[in-house]
Amino acid sequence: QVQLVESGGGLVQPGGSLRLSCAASGSDSGSVFAIYNMGWYRQAPGMQRDLVAIMSSASKTTYGDSVKGRFTISRDDVKNTANLKMNDLEPEDTAVYYCYAEGDYSGSGDNKVRYLEVWGQGTLVTVSS
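Here the structure is a predicted model, which is why all the values come from computation and not from measurement. (Residues numbered from 1 in each chain as written. Predicted model: local features only at pLDDT ≥ 70, side-chain atom pairs only at ≥ 80, totals over all residues. Heavy atoms only, no water.)

## Quick notes on the sheet that holds strand E8 (residues 81-86)
What the four strands build is an open sheet, ordered E1-E3-E8-E7; its pairing is antiparallel. At either end of the open sheet lies a strand with only one pairing partner, and these are strand E1 (2-7) and strand E7 (71-76). Neighbour-to-neighbour, the strand axes of the sheet open up by a mean angle of 15 degrees, direction not taken into account. (Pairing = 2+ DSSP bridges. Helix = DSSP H or I, 4+ residues; strand = E, 2+ residues; numbered from the N terminus. Axes fitted to C-alpha atoms, helices over the stretch in contact; angles between N-to-C directions.)

See the structure below:
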């Protein structure tokens with residue numbers, strides 16, 4: 001019904017920067033996905049999945065403590081996209097980053113509105129010299 005596609009991951013040196021992008025798209029052109037919260041989580045091997053940054057439809061932002069002051073989330077509600085600008089990257093930032101979105105979905109020709117939570121497949125960010 002809804003797919004989240006991440007891009008922008010890769011290898012970067014400590015102190016460098018990366019920008020991640022996430023785009024939400026419906027399975028048909030007539031579908032509507034009204035996103036309440038959209039953003040990013042990350043998970044390192046053997047570790048729990050932690051919040052990186054989330055932005056609500058009211059533009060309220062929430063950041064994980066470890067990334068405050070270094071990462072910035074932005075969102076385009078018309079395009080249903082979210083970006084994460086990551087500065088001053090550290091080796092501890094190495095993880096798989098997952099886009100996340102929740103909201104109300106309605107398919108083309110469907111009068112039903114359904115709440116969905118959707119995860120992207122993840123993009124790997126490696127911070128190493």
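## Looking at the pairing of strand E9 (residues 95-106)
Among the twelve residues that make up E9, ten are buried, leaving the element largely enclosed by the rest of the structure. Examined bridge by bridge, strand E4 (residues 32-43) and E9 share eleven bridges and lie antiparallel to one another. Directly across from Met38, in E9, lies its bridge partner Ala101. Here E9 runs beside strand E11 (residues 123-127); their pairing, made up of three bridges, is antiparallel. Of the residues in E11, the one forming a bridge with Ala95 is Val125. (Buried < 20%, exposed > 50% of the residue type's maximum accessible area, 1.4 Å probe, protein only.)

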